[in-house]
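What follows is each chain in one-letter form.
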Amino acid sequence: MKKENQKRYAVPIIITLILLLYFIVYFGVLIAILPKDWKYVLFIFPLALAVIGLLIYVCIDRIKEIMSGEEDDLGKY
């Protein structure tokens, strides 16, 4: 039974890590190719931090749902 629970927690964590890696690379490349105009960098950096923070929040929220027994949240729609 414990292994089943671990598998359910692994999926949201793996997806979050994949998305975090994607956004870090994406914003890193975007910052690297942009001109030295600081307006863009000052806009993109907080946006990247917000996206990363949101992904971590959603992952934690999903883990809480799994812990409370709500495994199939799309089944009610």
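Small disclaimer: the values here were computed from a predicted structure and weren't measured. (Residues numbered from 1 in each chain as written. Predicted model: local features only at pLDDT ≥ 70, side-chain atom pairs only at ≥ 80, totals over all residues. Heavy atoms only, no water.)

Draft legend 1. Representation of the packing of aromatic side chains. Applying the stated criterion across every chain yields a total of two aromatic pairs. Summarising the aromatic geometry, the rings of Tyr-22 and Phe-23 are spaced 5.2 Å apart at their centres and angled 70° between planes, so their arrangement reads as edge-to-face. Of the residues examined, Tyr-22 reaches a relative accessible area of 48% and is grouped as partly exposed. The exposure class assigned to Phe-23 is partly exposed, which follows from its relative accessible area of 22%. (Phe/Tyr/Trp six-rings, centres within 6.5 Å; stacked < 30°, edge-to-face > 60°. Buried < 20%, exposed > 50% of the residue type's maximum accessible area, 1.4 Å probe, protein only.)

Draft legend 2. How the structure looks around the pattern of salt bridges. Counted by the stated rule, this structure contains one salt bridge. Put simply, Arg-62 and Glu-65 hold a salt bridge, and the shortest N to O gap is 2.9 Å. Residue Arg-62 and its partner Glu-65 are both found in helix α2 (residues 38-67); the two are separated by three residues, about one turn of the helix. Taking the relative accessible area as the measure of exposure, Arg-62 reaches 21% and is therefore partly exposed. (Salt bridge = Lys/Arg side-chain N within 4 Å of Asp/Glu carboxyl O. Helix = DSSP H or I, 4+ residues; strand = E, 2+ residues; numbered from the N terminus.)

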